[in-house]
Amino acid sequence: MSNVDQFNWITSIKGDLDKVSPTFCLAKWTQSTILLYNGENHSCHHPSRHKIDLESLKDNPRAIHNTPIKMFARKELLDGIQTKECDYCWRIENSNKDNFSDRIYKSGAPWSRKYFDEVVNSGAGENFSPSYLEVAFESTCNLSCMYCTPDVSTQWMAEVEKHGPYKLHTVTMHDPIWLKQVGKYPIHRDEYNPYIEAFWKWWPELYQTLETFRITGGEPLLSKHTWKIFDYIKQHPNPNLEFAVNTNLCVPDKLIDQLIEQVKAIQGNVKEFKIFTSAEAAGSHADYIRYGMNYETFTSNIDRIMTELPNVRIVLMTTVNALSAFSFKDFLEDILILRAKHFKTAAVSTLGLSINYLRWPMFQDIRILPKKVKEATAKEILDYVYAHRDKVPGMGEALFYLEEIDQIERLVKYMEQDLPNYDAMLKDFKAFYTEYDQRRGLDFKRTFKDISYMVD
């Protein structure tokens, strides 16, 4: 699609939405992310999560998506009110009347726009079924990544239950008592869970309208519910469904075996199956950042899946942070090695890359690094990427695609910025990694020699 065609497309979508109201957004009806392990919900992914009303679930399992809070927001959007929870898009639109926010892009997505009339006719949508759904059945996870939280990882929860929260200079982090107070404390996988019960009651009906269904976690391959979904798909083909699973790919070999076996079993029953996984550094740096990870196992499992499931797309999601800087180039190099080995066509690789940078906790933000370190890192990354943007794929070569280069260039521009409240963040940086090392038997200074002085 040319730039002109894209502008005309997005302008057309905005025009259709404005006929209903200047704040109308289809994604509030069509897209949802639901954490079934603690009963939290949001649509789309920008608003803060809110609790699902248990009382509403008693008679209507659809209420795990269509919550009272969400229905109130829908009414405001229909009435032309900039509902408070959607401030991410309002900031973009209010800064310039010609800006197009995600309200427009998500409404124009294939899984959303086709339901325009159905959404409008549903009003607040008490019984509306989403076409794009992401769920987390459990917080069970075998990793405790440094930027993650106890409500998402059982390994993190076990640590803070034993040692208590991290008490830093500006904030106390990962307090299990606070998680209980605000209703974020996960329901254990062996306990009764009314949210999961409601999901499975709704599932046979919901499944018929889904176009994108993605399981996240925790670590989904450790949940029995993930395998139950595979079994259901084997028995009930849905040729319109894009099915995806997030996984850290560092689970026991028997679970990787099971994943490959199950994906082969559903081939032809869904439109597409994808795997989303995460890393943003290589070697010992990756293992330190994503505690519990084995980077060699991680890359080996990617290689294996690309070999045994050649038509399955794997997307690498990054959370680039201060500690990624020293091996991010090595990580990019490993991606190209895998792309070259599993070369298919110049137009597409089955190994995708999405560059995202960490914003919280702020003391882990890459902008905290000294200026000289950031400059050296930026040069190393850009030199490597630019050297591999015009390669001819195949024959042991691979390249970075234009969208990826654009994302990396934006990362470099972000790195150039100053970090707000720098002195306080530096104190938090030192306090966190000192405690992180002590609890986990790690050695920051030895692992990150170039910035060892930052924890002195």
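Residues numbered from 1 in each chain as written. Predicted model: local features only at pLDDT ≥ 70, side-chain atom pairs only at ≥ 80, totals over all residues. Heavy atoms only, no water.

(A) Quick look at the overall build of the chain. Across its full length, the chain carries 20 helices and 13 strands. Taking 23 Å as the expected radius of gyration for a compact globule of 456 residues, we find that the chain reaches 23 Å, a close match to that expectation. Dimensions along the principal axes, computed over C-alpha positions, put the chain at roughly 60 × 55 × 50 Å. Relative to its 456 residues, the chain shows a buried fraction of 55%. A sequence separation of at least 24 residues applies to 75% of the contacts in the chain between residues at least 6 apart. For the chain, the exposed surface amounts to about 20900 Å²; the carbon and sulfur share of it is 50%. The distance from the centre of the 55 positive side-chain charges to the centre of the 62 negative ones in the chain is 1 Å. (Helix = DSSP H or I, 4+ residues; strand = E, 2+ residues; numbered from the N terminus. Rg over C-alpha atoms; globule rule 2.2 N^0.38 Å. Buried < 20%, exposed > 50% of the residue type's maximum accessible area, 1.4 Å probe, protein only. Contact = heavy atoms within 4.5 Å. Areas by Shrake-Rupley, 256 points an atom, 1.4 Å probe, with all protein chains shown as cover. Lys, Arg positive; Asp, Glu negative; His and termini not counted. Charge placed at Lys NZ, Arg CZ, Asp CG, Glu CD.)

(B) Main features of the nonpolar core. Judged by nonpolar contacts, the single largest core of 117 residues is most densely connected at Phe 199, Phe 213, Phe 243, Leu 332 and Phe 429. Looking at which element gives the most residues to this core, the answer is helix 11 (residues 194-207), with 9 residues. If we skip the residues at most four places from it in the chain, Phe 199 touches Leu 36, Ile 64, Leu 133, Val 135, Phe 137, Leu 206, Phe 213 and Ile 229. Counting residues in hydrophobic clusters, the runner-up holds 18 residues, among them Trp 29, Trp 90, Val 119 and Phe 128. (Core = buried A, V, L, I, M, F, W, Y, C linked by side-chain atoms within 4.5 Å.)

(C) View of the sheet that holds strand 10 (residues 270-278). The 9 strands are arranged 3-2-1-4-8-9-10-12-13 in an open sheet whose pairing can be described as mixed. Since the sheet does not close on itself, it has two edges, and those belong to strand 3 (50-51) and strand 13 (351-354), each with one partner. (Pairing = 2+ DSSP bridges.)

(D) Structural view of the state of the cysteines. One pass over the structure, following the stated rule, counts 0 disulfides. Between Cys 148, a cysteine without a disulfide, and Cys 145, which holds the nearest cysteine sulfur, the sulfur-to-sulfur distance is 5.9 Å. Not engaged in a disulfide, the cysteine Cys 250 finds its nearest cysteine sulfur in Cys 145; these two sulfurs lie 9.3 Å apart. (Disulfide = S-S within 2.5 Å.)

(E) Inspection of helix 9 (residues 154-163) at higher detail. Burial in helix 9 covers these residues: Trp 156, Met 157, Glu 159 and Val 160. The buried side chains of helix 9 occupy one side of the element, clustering within an arc of 160° when seen end-on. At its buried positions, helix 9 is contacted by strand 5 (144-145), strand 6 (166-167), helix 10 (176-181) and helix 19 (422-440). With a side-chain oxygen lying 3.2 Å from the backbone nitrogen of Gln 155, the N-terminal cap of helix 9 falls on Ser 153. One or two steps after helix 9, the chain reaches Gly 164, where phi turns positive at roughly 90°. (Arc of directions from axis to C-beta. Polar contact = N/O pair within 3.5 Å; in protein donor to acceptor, adjacent residues only side chain to side chain.)

(F) Examining the pattern of salt bridges more closely. Under the defined criterion, the tally for this structure stands at 28 salt bridges. The partner of Glu 308 in a salt bridge is Arg 304, and the shortest N-O contact between them spans 2.8 Å. Of this pair, Glu 308 and Arg 304 both sit in helix 15 (residues 295-308), 4 residues apart, roughly one helical turn. Given the relative accessible area of 26%, Arg 304 is considered partly exposed. A single salt-bridge network, built from bridges that share partners, covers Glu 40, Arg 49, Asp 151 and Lys 184. (Salt bridge = Lys/Arg side-chain N within 4 Å of Asp/Glu carboxyl O.)

(G) Layout of unusual backbone geometry. The residue after Ser 43, namely Cys 44, is reached through a cis peptide bond having omega -15°. Looking at where Cys 44 falls in the secondary structure, it is placed in the loop between strand 2 (40-42) and strand 3. Across the junction of Trp 360 and Pro 361, the peptide omega takes the value -5°, indicating a cis bond. At His 174, a residue that is not glycine, the phi angle is positive and equals roughly 60°. Residue placement: His 174 occurs in the loop between strand 7 (172-173) and helix 10. Phi at Asn 421 takes a positive value of approximately 55°, unusual for a residue other than glycine. Mapped onto the fold, Asn 421 is located in the loop between helix 18 (402-415) and helix 19.

(H) Seen up close, the environment of Arg 74. The residue Arg 74 is located in helix 4 (residues 68-78) in this model. Since its relative accessible area comes to 0%, Arg 74 is described here as buried. Taking the C-alpha atoms as reference, Arg 74 lies 6.6 Å from Lys 28; in sequence the two are 46 residues apart. Those residues within four positions of Arg 74 in sequence are excluded, and the remaining contacts are Lys 28, Trp 29, His 65, Asn 66, Ala 124 and Gly 125.

(I) Up close: the packing of aromatic side chains. For the structure on display, the rule yields 38 aromatic pairs. A centroid spacing of 4.8 Å and a plane angle of 50° characterise the contact between Trp 111 and Tyr 132, whose relative ring orientation is tilted. One end of the pair, Trp 111, is in helix 7 (residues 110-113); the other, Tyr 132, is in strand 4 (residues 132-136), with 21 residues separating them in the sequence. By relative accessible area, which is 13% here, Trp 111 ends up buried. Residue class for Tyr 132 comes out buried when judged on its relative accessible area of 16%. (Phe/Tyr/Trp six-rings, centres within 6.5 Å; stacked < 30°, edge-to-face > 60°.)

(J) Expanded view of the environment of Asp 87. Inspection of the secondary structure assignment puts Asp 87 in helix 5 (residues 87-95). Sequence spacing of Asp 87 and Phe 276 is 189 residues, and the spatial spacing of their C-alpha atoms is 28 Å.

(K) Representation of helix 16 (residues 328-341). Helix length check: helix 16 (14 residues) gives 20 Å between terminal C-alpha atoms against 20 Å at 1.5 Å per residue, within 8%. Within the sequence span of helix 16, burial applies to Phe 328, Lys 329, Phe 331, Leu 332, Ile 335, Leu 336, Leu 338, Arg 339 and Ala 340. Among the structural elements, helix 15, strand 12 (313-317), strand 13, helix 17 (371-386) and helix 18 are those in contact with the buried residues of helix 16. (Expected span 1.5 Å × (residues − 1).)

(L) Quick peek at the packing of helix 13 (residues 253-266) against helix 15. Two numbers describe how helix 13 lies on helix 15: the axes approach to 11 Å, and their chain directions differ by 25°. When the interaxial angle is binned, helix 13 and helix 15 end up roughly parallel. Both helix 13 and helix 15 take part in a crossing whose hand is right-handed. Between helix 13 and helix 15, the residues in contact are Asp 253, Ile 256, Asp 257, Leu 259, Ile 260 and Lys 264 and Asn 301, Arg 304, Ile 305 and Glu 308, respectively. Split by residue class, the contact of helix 13 with helix 15 holds 4 nonpolar, 1 polar and 5 charged. (Axes fitted to C-alpha atoms, helices over the stretch in contact; angles between N-to-C directions. Parallel < 35°, antiparallel > 145°, perpendicular 65-115°, else oblique. Left-handed = near helix turned anticlockwise from the far one by under 90°. Nonpolar A, V, L, I, M, F, W, Y, C, P; charged D, E, K, R; others polar.)

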